[in-house]
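The residues making up each chain are set out below.
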Amino acid sequence: MVPFQPGSPLPPDRLRAILGNAVMRQVARGWRIESQVDNQAIMANGGDVNHAAHLLISVLTCGAWLPVWLIIGLVGNEKRVSITVDPNGVVLFNGRPAPMVAPPPARPRRRQRGDANAQAIAAANMRRELRRQAREHAAEDVALARELRIGRPDLPRQYDDGGLIDVNHVPAPALTMLSGVTPEIAERIVSMREHVGRFSSAEELVATADLHPDLTPEIKEYGIFLP
């Protein structure tokens with residue numbers, strides 16, 4: 001008998017996509033994202049426990065503290081789970097492969113639209129959470145934000161920031177990714193940026209570049225203003 005040979009490792013973008021799908025399913029079940037890096041995410045459900053210290057200890061102990069952290073989470077009426085994708089694309093929950101679950105019975109066609117809507121809402125909430133985490137990273141460490149290329153869809157990168165746009169640094173075509181920002185408006189923003197310097201908020205950008213106030217909510221949601 002020929003021994004089993006594992007396949008070639010999957011590319012990083014494919015691993016991130018697999019992890020994103022697994023995280024999205026957990027978000028749809030009411031879980032929240034505590035942290036997400038590369039091919040691993042930590043998710044929680046239930047009451048609050050001071051996880052910052054436990055996360056730091058887990059990192060310092062190369063994951064050895066994770067079982068203790070999970071027990072504390074359970075005692076504190078909070079459930080936690082680590083979701084990891086191995087190089088071959090296998091999803092692991094707390095280090096173990098996800099159990100095989102029988103497919104649910106077919107639902108009436110009239111409910112399929114509701115299911116699709118729920119998945120779309122879960123995906124949108126996950127992207128919003130990624131943007132929140134990216135903003136926190138940028139606020140704490142600007143150099144790290146630049147290295148991760150947060151808000152720079154015009155550059156190659158691996159970090160998923162949820163669709164942020166660094167208004168102070170991206171070229172004009174990238175600014176048109178903001179809903180309502182036409183090529184003409186994008187060029188105006190770049191021109192104002194070159195003359196008056198970088199902006200610090202959506203409100204300042206709208207006032208300085210004489211943009212329509214209706215653009216403010218969109219820029220606040222997806223724009224980031226790195227120094």
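The shown structure was predicted, so the numbers you read here are calculated from the model rather than taken from an experiment.

### Let's talk about the side chain of Gln-36
Line of reasoning, step 1. By the element assignment, Gln-36 lies in strand β1 (residues 32-37).
Line of reasoning, step 2. Since its relative accessible area comes to 17%, Gln-36 is described here as buried.
Line of reasoning, step 3. If sequence neighbours within four positions are ignored, Gln-36 has contacts with Leu-19, Val-23, Ala-41, Leu-130 and Gln-133.

### Describing helix α1 (residues 12-28)
Line of reasoning, step 1. For α1, which comprises 17 residues, the first-to-last C-alpha distance of 24 Å matches the rise-based estimate of 24 Å (1.5 Å per residue) to within 8%.
Line of reasoning, step 2. Of the positions making up α1, those classed as buried are Leu-15, Ile-18, Leu-19, Gly-20, Ala-22, Val-23, Gln-26 and Val-27.
Line of reasoning, step 3. Gly-30, located one to two residues past α1, shows a positive phi value of around 100 degrees.

### Regarding the side chain of Asn-168
Line of reasoning, step 1. Turning to its location among the elements, Asn-168 is positioned in the loop between β6 (165-166) and α6 (172-175).
Line of reasoning, step 2. Here the side chain of Asn-168 touches Leu-226 through a polar contact of 3.1 Å, landing on its backbone oxygen.
Line of reasoning, step 3. Excluding residues within four positions of it along the chain, Asn-168 makes contact with Arg-193, Arg-198, Phe-199, Ile-224, Phe-225 and Leu-226.

### Topic: helix α7 (residues 183-196)
For the α-helix, the turn length of 3.6 residues means that residues three or four positions removed from each other point alike.
Line of reasoning, step 1. The terminal C-alpha atoms of α7, which comprises 14 residues, lie 20 Å apart, in line with the 20 Å expected from a rise of 1.5 Å per residue.
Line of reasoning, step 2. Among all positions in α7, only Ile-185, Ala-186, Ile-189, Val-190 and Arg-193 are buried. Looking straight down α7, one finds its buried side chains confined to an arc of 140 degrees; they lie on one side. Opposite the buried face of α7, by more than 90 degrees, sit the exposed residues Glu-184, Glu-194 and His-195.
Line of reasoning, step 3. For α7, the elements touching its buried residues are α6 and α8 (202-208).
Line of reasoning, step 4. With its phi angle positive at about 95 degrees, Gly-197 sits one or two positions after the end of α7.

### As for the pattern of salt bridges
Line of reasoning, step 1. By the definition in use, this model includes 7 salt bridges.
Line of reasoning, step 2. Between Arg-131 and Glu-221 there is a salt bridge, and its shortest N-O distance comes to 2.7 Å. Taken together, the residues span a long stretch of sequence, with Arg-131 in helix α4 (residues 112-140) and Glu-221 in helix α9 (residues 216-222) at a distance of 90 residues.
Line of reasoning, step 3. For Arg-131, a relative accessible area of 5% corresponds to the buried category.
Line of reasoning, step 4. Overall, Glu-221 belongs to the partly exposed group, its relative accessible area being 28%.
Line of reasoning, step 5. A salt bridge links Lys-220 to Glu-203; the shortest N-O distance between them is 3.4 Å.

What counts, and at which threshold
Residues numbered from 1 in each chain as written. Predicted model: local features only at pLDDT ≥ 70, side-chain atom pairs only at ≥ 80, totals over all residues. Heavy atoms only, no water. Helix = DSSP H or I, 4+ residues; strand = E, 2+ residues; numbered from the N terminus. Buried < 20%, exposed > 50% of the residue type's maximum accessible area, 1.4 Å probe, protein only. Contact = heavy atoms within 4.5 Å. Expected span 1.5 Å × (residues − 1). Polar contact = N/O pair within 3.5 Å; in protein donor to acceptor, adjacent residues only side chain to side chain. Arc of directions from axis to C-beta. Salt bridge = Lys/Arg side-chain N within 4 Å of Asp/Glu carboxyl O.

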